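# Survey of secondary and tertiary structure
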Amino acid sequence: MVSSYSFPAKRGWRGLAIAVLGLVILSLLVPLIFLLGLHNNFHSADVNEDRSSNHVSKSAHVDDILHRLTPPLSKDVIENSVKEAFNNTVRDAAAHVSKDQNEGHPVLPKLLEKSQLDTKNEGNVIIEATQHMQSVSVDDTKMSCELEFGSYCLWCHEHKEEMKDSMVKQMKDRLFVARAFLPIITKLPGQQKLAREMKQTIQEFEKIFSDATTDADLPPHVDKKLQNMEEIIERAKEFPLDCNYVYRKLKQILNLTEDEAHFHMKQSAFLYQLAVQTMPKSLHCLSMRLTVEYFRSHSLDMELLPIEKFVNPELHHYVLLSNNVLSSSVVINSTVMHSSESQNLVFHVITDGQNYYAMKFWFFMNSYKEATIHVLNIEDVNLGYHDKVIPLHLSLSEEYRVSFRIPSSSQMNTEYISLFGHTHFLLPEIFQKLNKVVILDDDIVVQRDLSPLWNVQLEGKVNGAVQFCDVRLSQLKGYLGENSYSQSSCSWMSGLNIVDLVKWRELNLTDTYRRLLQVQNKRDASLRVGSFPANLLTFQDLVHPLDNSWALSGLGHNYGVDAHAVEEAAVLHYNGNMKPWLELGIRKYKARWKKYLKRADQFMGECNVNP
């Protein structure tokens, strides 16, 4: 009885083992065949709809991600549903860019749930606000690269590399065409020889591309092979063919290529935006090292600070809002270096809690002639009340990309404006004993003595600023409403501003700004975008125009700033994405910023800080 039951059990066990072994072999062969079929991104002669739809879904996923960085104003930024299987391959936003294991194409990391870009669109005007300027999308039929991707396209133009695979691309194009013709030529009676030659040439090209990705990898006499392929294609065109079939195949290849090119363009734009909005590792290291040294050191005697100078209205008080130690140091150093009376200068550096101790230690250990440095933590400021409208955290100057249609034209014009952040409207309450201050952004460099600014008469105005007449208030009517401002009034720029705090308090402009922000919030505008019209309306008819030679803007996004104007300007303003302390900064303007760095600091060497 035992033998009668043991044989079937053994046979069943063997069958199960063979089945498992077969599945294992199959699981190894299928990915191998799939990878070989997609080697070097080749597409087979039969480009099916599933492949196309999968690629389109990938493009839709990119559109969904870029929707968080760019405003949804064109067909390229429409939110599409994404396949669950593709979503599972996306890594966290802080991680590196991963590879799609199914297609071999790079995919973008997921962004954080909170969007880093706020936009608003009314009529023919588009306004965006973020910590650094982002890109804008408008009508694709009349859209330039800069309008869609912002200063990223300018950066690409400067860093454009010579194409090293032009011959490879040309050969791939011919390969695609031959694959489209091959199925038809094979079916033609009496053309077996041509079909064999075409198939053999296609296989030769595929073998070449298995080892070559650039022109340098191509074998000798490859130009003759390309010429042979051209001749075969021309011979194939001599026969009556089903043009609709060839058209569909080539159209599919074209669409796939365009989708892939735009996908990589958006991926590059995303990585660029990520780079310009993320603090470099070296600067973060510097801030952390300074913070650690602050608590290690026992030599900081805060009692030695000249507190009486902080509230003396007879001195020249400069206010600087920043969370960047290096940029703050450059602003102060460049101002002091050109000042004839540095003992009269008092710099109030307002920062956040994360960078407060680093700032404090840096300015305690570094001297700037006889100037006085006062570091404040905005989170420790006691206003005597809780402000529900203006958040009590550090808010730097806001930078906006304003795009609007040129009258009687279909073209879009894009300009860049920098205005006060929310924290600026708390200055009259923070410095209650001061009468006048000069506000400096942390992305400027001073090239002349600023002392004459204190002799400028504001003539009853509150804000002395350089006007920006490329954007007039009449062009922003959809945002500003029907107010009693002059239609020809110009917008203004932050960066260098003289502020009469006495007049500000007298007119209660901070409350005016609060009310305007509340109005914007009721219109469902974000707090960041809402500050744009609130800024302009708060200071309408209260801006005293400074001479344009005082400040020159655009060095953080414009490659074409006049060299003579750069030389003559009293203040250079690096407004834009390409800040001078970033690797992505515009090279020809960096030297003027780096000149005022204190390079001898030991912590800069330890953190490998080399802007």
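If you're wondering where the values come from, they're calculated on a predicted model, not measured in any experiment.

We now examine the overall build of the chain. Tallying secondary structure elements over the chain gives 21 helices and 15 strands in all. The buried share among the 611 residues of the chain stands at 50%. Sequence separation of 24 or more characterises 75% of the internal contacts of the chain that already satisfy a separation of 6 or more. When the accessible area of the chain is evaluated, it comes to approximately 30,300 Å², of which 53% is carbon and sulfur surface.

Moving on, we get to the pattern of salt bridges. Across all of its chains, the model carries 13 salt bridges by this definition. Across the pair Glu-234 and Lys-237 runs a salt bridge, and its minimum N-O distance is 3.8 Å. Note that Glu-234 and Lys-237 are positioned in helix H8 (residues 222-237) at a spacing of 3 residues, about one turn of the helix. Judged by relative accessible area, Glu-234 falls into the partly exposed class, the value being 42%. Judged by its relative accessible area of 46%, Lys-237 is partly exposed. When the shortest N-O distance is used, the salt bridge between Lys-579 and Glu-399 registers 3.0 Å. Taken as a pair, Lys-579 in the loop between strand E15 (571-573) and helix H20 (587-594) and Glu-399 in strand E6 (residues 398-405) lie far apart in primary sequence, 180 residues in all.

Compared with an ideal rise of 1.5 Å per residue, which puts 13 residues at 18 Å, helix H12 (residues 325-337) spans 18 Å between its outermost C-alpha atoms and is within 8% of the ideal. In terms of burial, H12 is largely enclosed, as 12 of its 13 residues are buried. If you check which residues of H12 are buried, you get Val-325, Leu-326, Ser-327, Ser-328, Ser-329, Val-330, Val-331, Ile-332, Asn-333, Ser-334, Thr-335 and Val-336. For H12, the N-terminal capping position is held by Asn-324, with its side-chain oxygen 3.0 Å away from the main-chain nitrogen of Leu-326.

Moving on to the confidence of the model for the chain. For the chain, per-residue confidence averages 75 on the pLDDT scale, and residues scoring 70 or more make up 71% of the total. Segment residues 34-117 is flagged for pLDDT under 50; beyond a separation of four residues in sequence, or across chains, it makes 169 contacts in the model.

For the structure shown, the criterion picks out 2 disulfides. Disulfide pairing places Cys-285 opposite Cys-607 at an S-S distance of 2.1 Å. Handedness of the Cys-285-Cys-607 disulfide follows from its S-S torsion of about -70°: it is left-handed. On the criterion of sequence distance, the pair formed by Cys-285 in helix H10 (residues 281-296) and Cys-607 in the segment after helix H21 (602-606) is long-range, its members being 322 residues apart. Look at Cys-285 and you get partly exposed, because its relative accessible area is 25%. In this model Cys-469 forms its disulfide with Cys-490; the gap between the sulfur atoms is 1.9 Å. Its torsion about the S-S bond being 95°, the disulfide of Cys-469 and Cys-490 is classed as right-handed.

Moving on: the sheet that holds strand E14 (residues 551-552). Read from one edge to the other, the open sheet built from 3 strands follows the order E9-E15-E14, with strand pairing classed as mixed. The sheet is open, and its two borders are formed by strand E9 (444-446) and E14, each paired with just one other strand. Sheet analysis places E14 next to E15, joined by 2 bridges and oriented parallel. Bridge pairing in E15 links Ala-551 to Val-571.

With respect to the helices and strands, the residue Asn-366 is situated in the loop between helix H13 (356-365) and strand E5 (372-377). A distance of 2.8 Å separates the side chain of Asn-366 from the backbone oxygen of Trp-362, its partner in a polar contact. Once residues within four sequence positions are removed from consideration, Asn-366 is found in contact with Lys-598 and Asp-601.

A word on the environment of Leu-440. Relative to the assigned elements, Leu-440 resides in strand E8 (residues 436-440). Take Leu-440: its relative accessible area is 2%, and that puts it in the buried class. Sequence-wise, Leu-440 and Phe-347 are 93 residues apart; in three dimensions their C-alpha atoms are separated by 9.8 Å. Other than its neighbours up to four places away in sequence, Leu-440 contacts Tyr-318, Val-319, Leu-320, Leu-321, Val-331, Thr-335, Leu-450, Gly-495 and Leu-496.

Alignment of strand E10 (residues 463-472) against strand E12 (residues 496-500), held across 2 bridges, turns out to be antiparallel. Bridged to Gly-464 within E12 is Ile-498. Inspection of the sheet shows E10 paired to strand E11 (residues 490-492) by 3 bridges, in the antiparallel sense. Bridge assignment links Arg-472 to a residue of E11, and that residue is Cys-490.

It is worth spelling out unusual backbone geometry at this point. Here Asn-508, not a glycine, exhibits a phi torsion of approximately 55°, which is positive. In this structure, Asn-508 sits in the loop between helix H16 (501-507) and helix H17 (509-522). For Asn-508, a relative accessible area of 37% translates into the label partly exposed. The backbone of Asp-541 shows a phi angle near 65°, a positive value even though the residue is not glycine. On the secondary structure map, Asp-541 appears in the loop between helix H18 (527-538) and strand E13 (543-546). Here Asp-541 falls in the partly exposed class, since its relative accessible area comes to 49%.

Moving on to the environment of Arg-179. As for its placement among the helices and strands, Arg-179 is situated in helix H6 (residues 166-187). Arg-179 gets classed as buried once you look at its relative accessible area, which sits at 7%. When the C-alpha atoms of Arg-179 and Lys-199 are compared, they prove to be 8.5 Å apart, with 20 residues separating the residues in sequence.

Conventions adopted
Residues numbered from 1 in each chain as written. Predicted model: local features only at pLDDT ≥ 70, side-chain atom pairs only at ≥ 80, totals over all residues. Heavy atoms only, no water. Helix = DSSP H or I, 4+ residues; strand = E, 2+ residues; numbered from the N terminus. Buried < 20%, exposed > 50% of the residue type's maximum accessible area, 1.4 Å probe, protein only. Contact = heavy atoms within 4.5 Å. Areas by Shrake-Rupley, 256 points an atom, 1.4 Å probe, with all protein chains shown as cover. Salt bridge = Lys/Arg side-chain N within 4 Å of Asp/Glu carboxyl O. Expected span 1.5 Å × (residues − 1). Polar contact = N/O pair within 3.5 Å; in protein donor to acceptor, adjacent residues only side chain to side chain. pLDDT = per-residue confidence, 0-100. Disulfide = S-S within 2.5 Å. Pairing = 2+ DSSP bridges.

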